[in-house]
Amino acid sequence: MVEELVTAGVGLACAGAVYLMAAARVVKQYERGVVLRLGRLASAVRQPGFTMIVPVVDRMRKVNMQIVTMPVPAQEGITRDNVTVRVDAVVYFKVVDAADAVIRVEDYRFAVSQMAQTSLRSIIGKSELDDLLSNREKLNQGLELMMDSPAIGWGVSVDRVEIKDVSLPETMKRSMARQAEATRDRRARVINADAELQASKKLAEAAQAMSGQPAALQLRLLQTVVAVAAEKNSTLVLPFPVELLRFLERSGIQAQAETAKVEAERERKVEAERERAHGAEVAEVGEVGEVARVGEASPPDAAATASELPPELEDLPEAENLA
């Protein structure tokens, strides 16, 4: 009898141990337990710690409540300004309602991944290339809003979305590099021109100040010589005064002007001599012509001669023709 009781007690203990092992569950701190009893959701979500379920009748699924980092595969799309790009991103989300994450969606991770890819393609088509490259904060907020609205119904909250990289075609990269180089070259030229303008103004002021004191230029020249000699050079370069060059230039111009004036005066005198000689020749030719005209004068005609005869001879008959 005692042996039967002992055997029964051992059997019950073993059965209790087996039941305890089958019913005992441990929920970790970052997890929540969702119990389905005969396929129906139990009212309470099991909190972290030790918990018990009814074996065979209950099924418990543990849901991770930690923030999940999910990379979004690179998506290729065309921006609003017709540029083909490849954009990849990363999504940070977490489960806020374990029951909805188990009941309302089959696989919330896969659902969030597909929604992130479609939202990324949509945001690429609505944005321009400059926005993708420089205005990512605004695009990240837009992606977060697009994903968070449907994810709330799944018991999932999208914490943030970040665009990681924007891949451009090689031709577009070269074009942008040329544009950036041209922009930097223009900026450098503007800065250089501005510096030259400021330096020219300062030099003009210095020249105006030195023009009042001619000795200041000589002192400046000596300071330049001292500065050059301080480098311990074997060759000393002595600057030549610009004023001396200008004086020599003015002297050369004056000498050329005097020479040209003398030559012009000489030509004028020669021309006057030629004109005087030509006038004398014309006068001599005129006198000779007058003499010739006097010698070649024609004799008076018969009528004039007859008119000049005395009156006593006018009444005589005409002589007969002897022939």
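Regarding the pattern of salt bridges
Piece 1. Counting across every chain of the model gives 10 salt bridges.
Piece 2. Of the charged contacts, one joins R276 and E273 as a salt bridge, the two residues approaching to 2.2 Å between their closest N and O atoms. With R276 and E273 both in helix 8 (residues 242-295) and three residues apart, the pair spans about one turn of that helix.
Piece 3. When its relative accessible area of 47% is taken as the criterion, E273 is described as partly exposed.

Observations regarding the pairing of strand 6 (residues 68-78)
Piece 1. Here nine bridges tie strand 6 to strand 7 (residues 84-95), and the two strands are oriented antiparallel to one another. In the strand pairing of strand 7, P71 is matched with V90.
Piece 2. What sits between strand 6 and strand 7 in their antiparallel hairpin is a turn of five residues, with N82 showing a positive phi close to 60°.

Examining the sheet that holds strand 7
Piece 1. The strand order across the open sheet formed by three strands is 6-7-8, and the pairing between neighbours is antiparallel. Edge strands, defined here as strands with exactly one partner in the open sheet, are strand 6 and strand 8 (156-167). Between one strand axis and the next, the sheet turns by 25° as a mean value, whatever way the strands run.
Piece 2. Against the sheet, helix 3 (residues 108-126) touches strand 6, strand 7 and strand 8, its axis set at about 35° to strand 6.

Notes on the nonpolar core
Piece 1. Formed by 36 residues in total, the largest nonpolar core has its most connected members in V85, V91, F93, Y108, L120 and M147.
Piece 2. Tallying contributions element by element places helix 3 first for this core, with eight residues.
Piece 3. Discounting residues that sit within four places of it in the chain, Y108 has contacts with V63, N64, F93, V95, A101 and V156.
Piece 4. With five residues, the next largest nonpolar core counts V27, V35, I53 and M60 among its residues.

A look at the side chain of D58
Piece 1. Relative to the elements of secondary structure, D58 occurs in strand 5 (residues 58-64).
Piece 2. Of note is the side chain of D58, whose polar atom sits 2.7 Å from the side chain of R37.
Piece 3. Filtering out sequence-adjacent residues up to four positions away, D58 remains in contact with V35, L36, R37 and I53.

Remarks on the sheet that holds strand 2 (residues 31-37)
Strand pairing in a sheet is mediated by backbone hydrogen bonds. Such pairs are either parallel or antiparallel.
Piece 1. With respect to topology, three strands assemble into an open sheet ordered 3-2-5, the strand pairing being antiparallel. Of all strands in the sheet, those with a lone pairing partner are strand 3 (40-41) and strand 5, marking the two edges.
Piece 2. Strand direction decides the pairing type here: strand 2 and strand 5, joined by seven bridges, are antiparallel. Looking across to strand 5, one finds that L36 is bridged to R59.

Section: the packing of helix 3 against helix 5 (residues 136-152)
Piece 1. The N-to-C vectors of helix 3 and helix 5 enclose an angle of 140°; their axes lie 10 Å apart at closest approach. Relative to helix 5, the element helix 3 lies oblique. Along this stretch, helix 3 crosses helix 5, giving a crossing that reads as right-handed. Residues V112, M115, A116, S119, L120, S122 and I123 of helix 3 lie in contact with helix 5, whose contacting residues are L139, L143, M146, M147, P150 and A151.

Regarding a nonpolar patch on the surface
Piece 1. Where nonpolar side chains cluster on the molecular surface, the patch consists of Y19, L20, V26, F50, M52 and V54 and spans about 550 Å² of accessible area.
Piece 2. Those elements giving two or more residues to the nonpolar patch turn out to be helix 1 (2-23) and strand 4 (49-52).
Piece 3. Mapped onto the elements, L20 comes out in helix 1.

Thresholds, definitions, all that
Residues numbered from 1 in each chain as written. Predicted model: local features only at pLDDT ≥ 70, side-chain atom pairs only at ≥ 80, totals over all residues. Heavy atoms only, no water. Salt bridge = Lys/Arg side-chain N within 4 Å of Asp/Glu carboxyl O. Helix = DSSP H or I, 4+ residues; strand = E, 2+ residues; numbered from the N terminus. Buried < 20%, exposed > 50% of the residue type's maximum accessible area, 1.4 Å probe, protein only. Pairing = 2+ DSSP bridges. Axes fitted to C-alpha atoms, helices over the stretch in contact; angles between N-to-C directions. Contact = heavy atoms within 4.5 Å. Core = buried A, V, L, I, M, F, W, Y, C linked by side-chain atoms within 4.5 Å. Polar contact = N/O pair within 3.5 Å; in protein donor to acceptor, adjacent residues only side chain to side chain. Parallel < 35°, antiparallel > 145°, perpendicular 65-115°, else oblique. Left-handed = near helix turned anticlockwise from the far one by under 90°. Patch = residues over 30% accessible without salt bridge, like charges linked within 9 Å, V, L, I, M, F, W, Y side chains within 5 Å. Areas by Shrake-Rupley, 256 points an atom, 1.4 Å probe, with all protein chains shown as cover.

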